[in-house]
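Fold and contact review
Chain by chain, the residues run as shown.
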Amino acid sequence: ETGVTQTPRHLVMGMTNKKSLKCEQHLGHNAMYWYKQSAKKPLELMFVYNFKEQTENNSVPSRFSPECPNSSHLFLHLHTLQPEDSALYLCASSQGGSRTDTQYFGPGTRLTVL
Amino acid sequence: GNSVTQMEGPVTLSEEAFLTINCTYTATGYPSLFWYVQYPGEGLQLLLKATKADDKGSNKGFEATYRKETTSFHLEKGSVQVSDSAVYFCALSDGGGSQGNLIFGKGTKLSVKP
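Fair warning: this is a prediction, and the values are worked out from it, not measured in the lab.

This paragraph deals with the interface of chain A and chain B. Chain A puts 23 residues into the contact, and the matching count from chain B is 25 residues. Roughly 1800 Å² is buried in total at the junction of chain A and chain B, and carbon and sulfur atoms are behind 48% of that figure. Contact with chain B buries surface across chain A, with Leu43(A), Arg99(A) and Phe105(A) losing the most and accounting together for 34% of the total. Inspection of the chain A/chain B interface yields zero salt bridges. Those elements giving two or more residues to the side of chain A that touches chain B turn out to be strand 4 (31–37), strand 5 (44–50), strand 6 (53–57) and strand 9 (87–94) of chain A. Residue classes in the side of chain A that touches chain B are distributed as ten nonpolar, nine polar and four charged.

Take a look at the structure:
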């Protein structure tokens, strides 16, 4: 399944670095999402974009900055992260943003903050 | 607030055993309910879903019925295979207004032994 791709798959960064995660969906969807998956915690929704407009920011610290230039691409810009930000970051997309829409996930970026 | 509770894992079964993974939810309104599966090293894949009470979702031999009276969406399979080894996530989409944000349970790891 290559409907939603994420790059890089693995990333190691220091606390002073700036890096970006990229997500691309090839499904013609209009909504895109960022999730954080940490060990021993439920998947946490971070951001939602619907038709390129941010519709949800789930109290995410400002060191995470999303960008959605078009309906097919979603970025997560990272700066001055903390070791506790180490996690699997998952991107997803759906046709719209309604409660019945299925979200399709990418394989994730495994982030390690040293 | 809305939440999902699923049984703690890990669950270890022998091939061809019967599987049940319990999931209960708390939600206002009329959520949609989902089961997602995550194979090692991959992102989440939709396994099945149900969008209204008494609906039964099914896929690949797995089934779950949306029970509003018991606020449950238990996952079942009559005969598991080694290839079913994965982490299973129950989720709801509360869809306040038109927004369908997913709320996940903590996941249940299933290991199937030959």
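There's plenty left to go through after this.
A word on the pairing of strand 1 (residues 3–6) of chain B. All names here are of chain B. Every second residue of strand 1 is oriented toward a common face, the buried set being Val4 and Gln6 and the non-buried set Ser3 and Thr5. Here strand 1 pairs with strand 4 (residues 23–26) via four bridges, running antiparallel. Each bridged residue has a counterpart across the sheet, and for Gln6 the counterpart in strand 4 is Cys23.

Residues and elements named next belong to chain A. One open sheet accounts for four strands, arranged 1-3-8-7; its pairing is antiparallel. Each end of this open sheet is capped by a strand with a single partner; those strands are strand 1 (4–7) and strand 7 (64–70). In this sheet, neighbouring strand axes are inclined to one another by 20 degrees on average, regardless of whether the strands run parallel or antiparallel. Two strands pair when backbone bridges link them, and strand 7 and strand 8 (residues 73–79) are joined in this way by five bridges, in the antiparallel orientation. Among the inter-strand pairings, Glu67 is bridged to a residue of strand 8, identified as Phe75.

Moving on: the packing of aromatic side chains. Scanning the entire structure with this criterion turns up eleven aromatic pairs over all chains. For the ring pair Tyr36(B) and Phe104(B), a centre distance of 5.9 Å and an interplane angle of 55 degrees mean the geometry is tilted. Pair noted here: Tyr36(B) is in strand 5 (residues 32–38) and Phe104(B) is in strand 11 (residues 102–104), with a separation of 68 residues, a long-range link. The class for Tyr36(B) is buried, based on a relative accessible area of 0%. We classify Phe104(B) as buried; its relative accessible area is 4%. Put simply, the rings of Tyr33(A), Tyr35(A), Phe105(A), Phe34(B), Tyr36(B), Phe89(B) and Phe104(B) pair up and form one aromatic cluster.

Residues and elements named next belong to chain B. Relative to the elements of secondary structure, Thr20 occurs in strand 3 (residues 19–21). Judged by its relative accessible area of 30%, Thr20 is partly exposed. A sequence separation of 24 residues divides Thr20 from Leu44, and the C-alpha atoms of the two residues are 20 Å apart.

This part covers the environment of Glu53(A). Among the secondary structure elements, Glu53(A) is positioned in strand 6. The spacing of Glu53(A) and Pro69(A) is 16 residues in sequence and 9.4 Å in space, taken between C-alpha atoms.

Residues and elements named next belong to chain B. Under the criterion given, the structure shown has five salt bridges over all chains. Note that Glu63 is salt-bridged to Lys56, the shortest N-O span being 3.6 Å. For Asp84, the salt bridge goes to Lys77, with nearest N and O atoms at 2.8 Å. A relative accessible area of 9% places Lys77 in the buried class.

Definitions and cut-offs
Residue numbers restart at each chain and count upward from 1, following the sequence in its written direction. Chains and ligands are labelled sequentially in the order written, the chains with letters from A and the ligands with numbers from 1. The predicted nature of this model means local features are confined to residues of pLDDT at least 70 and side-chain atom pairs, given and counted, to a pLDDT of 80 or more, with totals for whole chains, interfaces and linings taken over all residues. Hydrogens and water are ignored here; the side-chain numbers use all heavy atoms of the structure. Pairs of residues are marked as contacts when any of their non-hydrogen atoms sit within 4.5 Å. Summed over both partners, the accessible area lost on bringing two parts together, with a 1.4 Å probe, is the buried area. Whenever a carboxyl oxygen of Asp or Glu lies within 4 Å of a side-chain nitrogen of Lys or Arg, that contact is scored as a salt bridge. We count a stretch as a helix when DSSP gives it H or I for four or more residues in a row; a strand needs E for two or more, and each element gets its number in order from the N terminus. Any residue outside Ala, Val, Leu, Ile, Met, Phe, Trp, Tyr, Cys, Pro, Asp, Glu, Lys and Arg is labelled polar, Gly included; the first ten of those are nonpolar and the last four are charged. Think of it in three bands: with a 1.4 Å probe and only protein chains considered, a residue is buried below 20% of the maximum accessible area for its type, exposed above 50%, and partly exposed in between. Any two strands with at least two DSSP bridges between them are considered paired. To get an axis, fit a line to the C-alpha atoms, keeping to the stretch in contact for a helix; angles then go from 0 to 180 degrees between the N-to-C directions. What counts as a ring pair is set by centres within 6.5 Å for rings of Phe, Tyr and Trp (its six-membered ring), and what kind of pair is set by the plane angle: stacked under 30 degrees, edge-to-face over 60, tilted for all other angles.

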